[in-house]
Each structure stands twice: as structure tokens, then as C-alpha cells.
Amino acid sequence: MTDLSFNTTVQQCRNLSGGVWHEDTHLPKRDIFSPYNGKMIGRVPLSGADEVSRTVAAAAEAWPAWAQTSARQRAEVLARFKALMIENMARLVDSVAIESGKTRVEAEAGLQKGMEIIDFAISLPNLDTWDSSEVSQGVHCQFRRESLGVVVGITPFNFPAMVPLWMIPLALVVGNAFVLKPSEKVPLTSQILGQLLMDAGLPQGVFSIINGEAPVVNALLAHPDVKAAAFVGSTAVASHVYRTGTSLHKRVLALGGAKNHIIVTPDCEPTLTAKGILSSFTGCAGQRCMAASVLIAVGNIDHVIEKVVELAKKQCLGRDMGAIIDSSSLKRIETAVANAESQGAKILLDGRGRKSVVQDSEKGCWIGPTIIDHANAKMECAQMEIFGPVLTIIRASGLEEAVQISNASPYGNAASVFTTRGDIGQYVAQNSNSGMIGINIGVPVPREPFSFGGTKQSRFGHGDITGKSGLDFWSDLKKITTTWPALQANQSTQSGQFLLHTT
Ligand code: NAD
């Protein structure tokens with residue numbers, strides 16, 4: 001039987017700067033409660049401008065020596081970090097699960113994806129073997145990758161380890177000093193990651209953690225020594241971070257929210273399709289930017305919808321599905337379902353009030369899979385990012401209309417199609433304006449080295465956050481053009497030896 005118990009001692013989170021964990025007892029604290037059962041599991045300091053100055057100053061001091069090491073030396077530290085993550089996997093999995101409400105299986109999957117980014121970062125010395133090219137006679141051009149300096153990552157609640165790990169390995173391997181501002185809702189796991197990075201031999205000050213809320217983000221963006229910021233979170237905050245950072249001439253990549261569509265055509269393979277839809281909208285309790293949120297039924301696919309409902313009814317809360325991050329999020333989800341009902345949509349499956357098998361779960365935040373049918377594209381449930389296990393079904397008369405509905409969304413993270421016809425798959429891949437496309441895959445997260453990133457209001461800035469695009473975001477390419485004077489016959493060196501002899 002699955003062990004659903006967790007060690008829930010209350011953890012005091014600290015800030016990390018200059019290689020030192022700071023208690024910062026003078027700061028106000030925020031209490032952290034587990035979504036599983038409402039139990040208090042931690043307290044996090046809410047830092048201010050002084051702590052931001054201290055952290056950035058220590059990072060700026062540490063950066064030059066780190067930047068001078070070779071990419072191979074930096075990769076070796078990251079390889080040790082990954083080995084330590086594997087050694088500490090059970091502790092990391094429990095930490096992610098208890099603070100974010102994920103199941104242990106989901107928590108581990110996020111950690112594995114994070115380690116995939118470490119693997120990619122470690123490959124940098126083998127990737128950056130720039131060829132030098134003779135651009136004119138005796139003149140050679142060459143690239144050299146340079147770090148930027150102090151850079152920051154601002155992360156959301158829904159992946160306490162994976163999203164920070166989209167950033168940390170890539171930013172560090174190119175030689176930056178990295179400051180993490182974790183979500184104040186899930187600050188516990190980054191404490192473990194910070195300690196493991198130090199245990200792996202990362203020089204003091206090269207990795208820092210500053211806890212807090214919006215004022216910390218704004219102070220980091222305003223700090224003159226911060227050169228770049230990556231952000232992942234809601235679209236409203238992503239837009240704010242992008243505008244604020246770029247107005248101060250910082251490099252910013254800000255990933256925002258999503259409203260992903262799955263298009264299903266009658267020729268699809270029903271079992272594969274139903275399972276794909278189910279895992280997409282219920283995985284991580286719908287709290288992921290790659291979750292399917294709208295199912296667009298092209299023609300009659302009622303047999304598939306019936307299967308999805310049947311499978312969704314069997315989901316066991318606490319074992320197959322995790323919890324919702326907090327009570328205000330739960331209320332937002334329940335309100336969206338109630339609004340859909342009052343606007344005339346039909347609730348095929350209602351997850352409100354569903355019980356979880358977790359002990360004391362009545363004090364936690366739970367909702368079961370919910371399916372809303374016969375919505376239209378203008379309804380709130382078809383437009384807003386509900387960020388819960390809720391699937392809205394819209395009926396479309398043809399494929400063209402289905403793609404138009406999906407493309408009209410202001411978001412552009414992902415879109416999928418389930419079909420057995422190559423021409424249909426190809427049509428969606430070519431005509432969808434989302435950044436990540438799935439064909440018979442409900443959660444089309446690209447695997448490294450294919451990079452992660454959406455379009456439209458799901459991403460402000462250029463490029464993707466992982467893959468080679470991520471390396472390029474965290475660095476500059478210096479171009480070095482070289483020529484040498486030709487060696488003359490009978491020319492002696494300072495030591496008096498002749499290099500070229502003439503007869
Ligand atoms: P959020 O925007 O509320 O918070 C994200 C970060 O921004 C946190 O660290 C928070 O402290 C900070 N923040 C919050 N308000 C701020 C403000 N006014 N000014 C400055 N900083 C502020 O997001 P969340 O609720 O933690 O995460 C869920 C959202 O993240 C969803 O919209 C989801 O789609 C999105 N998300 C997107 C991706 C992606 O790849 N596009 C990945 C994961 C999550």
C-alpha cells in the first residue's frame with residue numbers, strides 16, 4: 001500500500017548568501033501549510049531591500065573567480081550536484097510533495113526532468129567546441145561564450161524543484177553567479193537544493209537564495225548589478241517583470257500562464273486518446289502550464305468523452321491525484337465551475353467536495369476531476385486559466401474551426417491533437433500558433449535538447465528557457481578575430497634560437 005505519511009516537522013527557511021545561511025530573525029515570516037492536510041510545515045522570511053543588497057553584493061564578489069574557471073570545471077561541480085540529488089532523492093521527493101501537494105510520483109517526475117537539464121548543462125564543454133574559420137587570408141574568427149555576472153531566477157509554486165532547475169544548471173555552467181527567489185508558497189525544497197550545491201563544491205556566493213514576495217522581486221530587478229532575470233509564473237506578473245526589467249536594460253525572459261487545447265478527431269485511437277486526455281488535465285491536479293484545459297471535439301467523439309469520464313471517476317485523490325496549493329486557489333476553481341454551470345454549460349463530472357484518502361485531508365485543499373461539456377469559446381471556463389483539474393469541452397464542426405478556436409487564445413504554450421491520420425496531425429502542427437505541439441501526446445513537454453517555451457502571452461522575451469536557447473539567454477557570445485604576423489626566415493627569438501633556417 002502507498003505510504004501517504006510525511007514527516008511534518010516545521011522547517012525554518014533561511015536566506016543563503018556568500019555561502020552562509022542567514023537566520024534573519026528580524027524579518028517578518030510567512031507560515032507554510034501543506035496542501036495535503038493544512039498542517040503547518042514551515043516558516044519563510046519575507047526579505048526586503050537590505051537582504052537583496054547583501055545577496056547581490058556577495059554574488060557580485062563571487063562571480064569573477066567562478067567566471068574564470070573552465071566550463072569543464074563548472075560542469076564537474078554540477079555532475080557532483082546531480083549525484084547528491086540522486087543520493088537525497090527520497091528527501092527531495094517528500095519535500096516537493098508535502099509543500100506543493102503533488103503525489104510522490106509527480107514530485108519525482110519533476111525532479112527527474114530537472115536532472116535532465118543538469119545533464120544538458122554538463123554537456124556544454126562538448127557542445128561549445130566552436131570551429132574557427134579563416135574568414136580572409138590569414139584572418140580567423142572564433143566564438144567565446146562569456147557569462148553575464150549576477151543573474152536571478154524567480155519561480156512559481158507549482159514545481160518547487162523543476163522550474164528552478166530549468167535555470168540553475170544553465171546559468172551556472174556558463175559562469176554566472178545565480179540568485180534564486182523561490183515561490184514564497186513552496187520555499188522548502190530550494191533549501192535542500194542550496195545545501196546540495198554547496199556540498200558539491202560550488203564556491204561560496206555563486207548560488208544564493210533570497211526568500212520573499214513581490215518587493216524582493218522588484219528590488220532584484222532594480223539592482224544595478226543584476227544583469228539578467230528569468231521568470232516563470234502567471235501572465236500578469238510575467239508581463240510586469242518583463243516590462244520592469246527591460247525598462248532598466250536587463251535581459252529578461254518571462255514565462256507566463258497557459259490555456260492549452262486538445263483537439264480530438266473521430267478517427268483517433270479511443271483508449272490512447274482517453275488516457276492522454278485524462279493524464280493531461282488531472283496530472284499535478286491541473287496545476288501545470290502544460291495541462292490540457294480545453295478539449296475541442298471535432299465532430300462526434302462521444303465514445304471518447306464517455307471513456308474520459310469513466311477513467312476520471314476512478315481517480316483516487318491522494319494516490320492518483322494531488323491537492324490544490326491553497327484554499328484561495330480551491331475557491332477560484334470551484335467558482336469557475338459554478339459560473340460555467342450558471343452560464344449554461346453542462347457539468348458531466350463534478351469533483352467539488354470529493355474526499356481524499358490522505359489522513360486529515362478535510363483540512364487540506366482537494367477537488368476531483370471535473371468535466372464541463374457544451375461550453376462555447378466565449379465562456380469564462382473556456383478562456384480563463386483555471387489551474388485546476390477541470391476540463392472544458394467545446395464542440396467544433398471541423399478541424400479548421402478547432403484550430404481557430406485554439407489560436408484565438410491569448411496564451412500560446414501548448415496544443416495537442418489526437419488522430420490516427422498523418423494529414424490531420426500535420427495540419428495542426430503547421431497551423432497552431434502555440435509553442436509546443438503534441439501529436440497523440442497530451443502533455444507535449446519537449447525533452448532535452450529540445451527546448452521549452454511557448455508563444456504569445458505565455459512567454460515575454462525571445463527564445464526558450466531550456467536547451468541551447470537557455471544557454472544563449474544566460475551568456476553572451478564574444479567574437480574574436482585574429483591574425484598573426486608571418487614568421488620571417490632567419491628571425492631569431494629572444495633566446496637567440498633561429499626558428500626558420502634558410503640554406
Ligand atoms: P505567480 O505569478 O503568482 O508567482 C510567481 C513568482 O512571482 C513568485 O515567486 C512570486 O513571489 C512572484 N510574484 C507574485 N506577485 C508578484 C508581483 N506582483 N510582483 C513581482 N513578483 C511577484 O505564479 P504562481 O501562482 O506561483 O504560479 C502559477 C502560474 O505559473 C500559472 O499561471 C502557470 O501557468 C504559470 N507557470 C508557467 C510555466 C511556463 O512554463 N509558462 C511553468 C510553470 C508555471
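Residues numbered from 1 in each chain as written. Predicted model: local features only at pLDDT ≥ 70, side-chain atom pairs only at ≥ 80, totals over all residues. Heavy atoms only, no water.

Asker: Whenever I open this one, the packing of helix 3 (residues 89–100) against helix 7 (residues 188–199) confuses me. Can you help?
Answerer: Think of two packed helices as two axes; the pair is described by the angle between the axes and how far apart they sit. Where helix 3 contacts helix 7, the axes come no closer than 8 Å and their chain directions differ by 155°. It follows from the interaxial angle that helix 3 and helix 7 lie roughly antiparallel. Residues Arg-91, Leu-92, Ser-95, Val-96 and Glu-99 of helix 3 lie in contact with helix 7, whose contacting residues are Leu-188, Thr-189, Ile-192, Leu-193 and Leu-196. When grouped by side-chain class, the residues that make up the contact of helix 3 with helix 7 number six nonpolar, two polar and two charged. (Axes fitted to C-alpha atoms, helices over the stretch in contact; angles between N-to-C directions. Helix = DSSP H or I, 4+ residues; strand = E, 2+ residues; numbered from the N terminus. Parallel < 35°, antiparallel > 145°, perpendicular 65-115°, else oblique. Contact = heavy atoms within 4.5 Å. Nonpolar A, V, L, I, M, F, W, Y, C, P; charged D, E, K, R; others polar.)

Asker: How should the site of the ligand be read in this particular structure?
Answerer: Residues in contact with the ligand amount to 26 residues; listed here are only the nearest, Lys-181, Glu-184, Ser-234, Gly-256 and Glu-385. Residue Glu-184 places a side-chain N or O atom 2.5 Å away from an oxygen atom belonging to the ligand. A total of 840 Å² of accessible area belongs to the ligand in isolation, and the protein chains cover 87% of it. Structurally, the ligand is housed in the largest pocket. When contributions to the shell around the ligand are tallied by element, the ones reaching two or more residues are helix 8 (214–222), strand 11 (226–232) and helix 9 (235–247). For the shell around the ligand, the class distribution of residues is 14 nonpolar, nine polar and three charged. Looking at which domains feed residues into the shell around the ligand, each of domain 1 (11–256 + 458–479) and domain 2 (260–439) gives three or more. (Near = heavy atom within 4 Å. Polar contact = N/O pair within 3.5 Å; in protein donor to acceptor, adjacent residues only side chain to side chain. Areas by Shrake-Rupley, 256 points an atom, 1.4 Å probe, with all protein chains shown as cover. 1 Å grid on protein atoms, 1.4 Å probe; cavity = no way out; pocket = protein on both sides within 12 Å on 5 of 7 lines; lining within 4 Å. Sits in = over half its atoms within 2 Å of the grid points. Domains from an automatic or database assignment.)

Asker: Can you walk me through unusual backbone geometry in this structure?
Answerer: Negative phi values dominate among residues other than glycine, just as trans dominates among peptide bonds. Of note, the bond from Glu-448 into Pro-449 is cis; its omega dihedral lies within 30 degrees of zero at 10°. Of note in the backbone geometry, Cys-284 takes a positive phi value of approximately 55° without being a glycine. With respect to the element layout, Cys-284 can be found in the loop between helix 10 (270–282) and strand 14 (292–298). By relative accessible area, which is 6% here, Cys-284 ends up buried. (Buried < 20%, exposed > 50% of the residue type's maximum accessible area, 1.4 Å probe, protein only.)

Asker: Whenever I open this one, the domain arrangement of the protein chain confuses me. Can you help?
Answerer: Accessible area lost when the parts come together is the quantity often used to give the size of an interface. As far as domains go, the protein chain holds domain 1 (11–256 + 458–479) and domain 2 (260–439). One C-alpha centre belongs to domain 1, the other to domain 2, and the line joining them spans 31 Å. Counting residues at the interface gives 18 residues for domain 1, matched by 26 residues for domain 2. Interface area, domain 1 with domain 2, both sides summed: about 1,600 Å², of which 57% is carbon and sulfur. Between the two partners, domain 1 and domain 2, sit two salt bridges. Here Lys-185 and Asp-326 are joined by a salt bridge, their closest N and O atoms 3.6 Å apart. (Buried area = accessible area lost by both parts, 1.4 Å probe. Salt bridge = Lys/Arg side-chain N within 4 Å of Asp/Glu carboxyl O.)

Asker: Is there a simple way to explain empty space enclosed by the protein in this structure?
Answerer: One way to see where empty space is left: roll a probe the size of a water molecule over the atoms. Across all of its chains, the model carries four cavities of 30 Å³ or more by this definition. In this structure, the largest cavity occupies an estimated 100 Å³ of space. Together, 15 residues line the largest cavity, and Gly-286, Ala-291, Ser-293, Glu-385 and Phe-387 are the ones closest to its centre. The residue inventory of the lining of the largest cavity, partitioned by class, reads eight nonpolar, four polar and three charged. In this structure, the second largest cavity encloses a volume near 50 Å³. (Points joined across faces, edges and corners; volume = space filled by probe spheres on them.)

Asker: It is not clear to me how the environment of Pro-64 should be interpreted in this structure. Could you clarify?
Answerer: With respect to the secondary-structure elements, Pro-64 resides in helix 1 (residues 49–68). For the pair Pro-64 and Ser-451, spaced 387 residues apart in sequence, the C-alpha separation works out to 29 Å.

Asker: Looking at this structure, I do not really get the nonpolar core. What am I missing?
Answerer: The tendency in soluble globular proteins is for nonpolar side chains to be buried side by side. Counting 95 residues, the largest nonpolar core has Phe-81, Met-85, Trp-166, Phe-178 and Trp-474 as its most contacted members. Setting aside chain neighbours within four positions, we find Trp-474 in contact with Ser-147, Leu-148, Val-151, Val-152, Met-167, Leu-170, Ala-171, Val-174, Asn-176, Phe-178, Ala-228 and Ala-230. (Core = buried A, V, L, I, M, F, W, Y, C linked by side-chain atoms within 4.5 Å.)

Asker: In this structure, what is going on with the sheet that holds strand 1 (residues 11–12)? I would like to understand it.
Answerer: In a beta sheet, neighbouring strands pair by backbone hydrogen bonds and run either parallel or antiparallel. Read from one edge of the open sheet, three strands run 1-5-4, paired in mixed fashion. The open sheet terminates on both sides in strands that have one partner only, identified here as strand 1 and strand 4 (29–33). Both strand 4 and strand 5 (residues 40–45) contribute to a ladder of five bridges, which runs antiparallel. Looking at the pairing, Asp-31 lines up with Arg-43 of strand 5. (Pairing = 2+ DSSP bridges.)

Asker: Honestly, the state of the cysteines in this entry has me stumped. Any pointers?
Answerer: With the rule as written, the count across this model stands at zero disulfides. The thiol of Cys-289 is not disulfide-bonded; the next cysteine sulfur, from Cys-284, is found 9.8 Å away. The buried category is assigned to Cys-289, whose relative accessible area is 17%. (Disulfide = S-S within 2.5 Å.)

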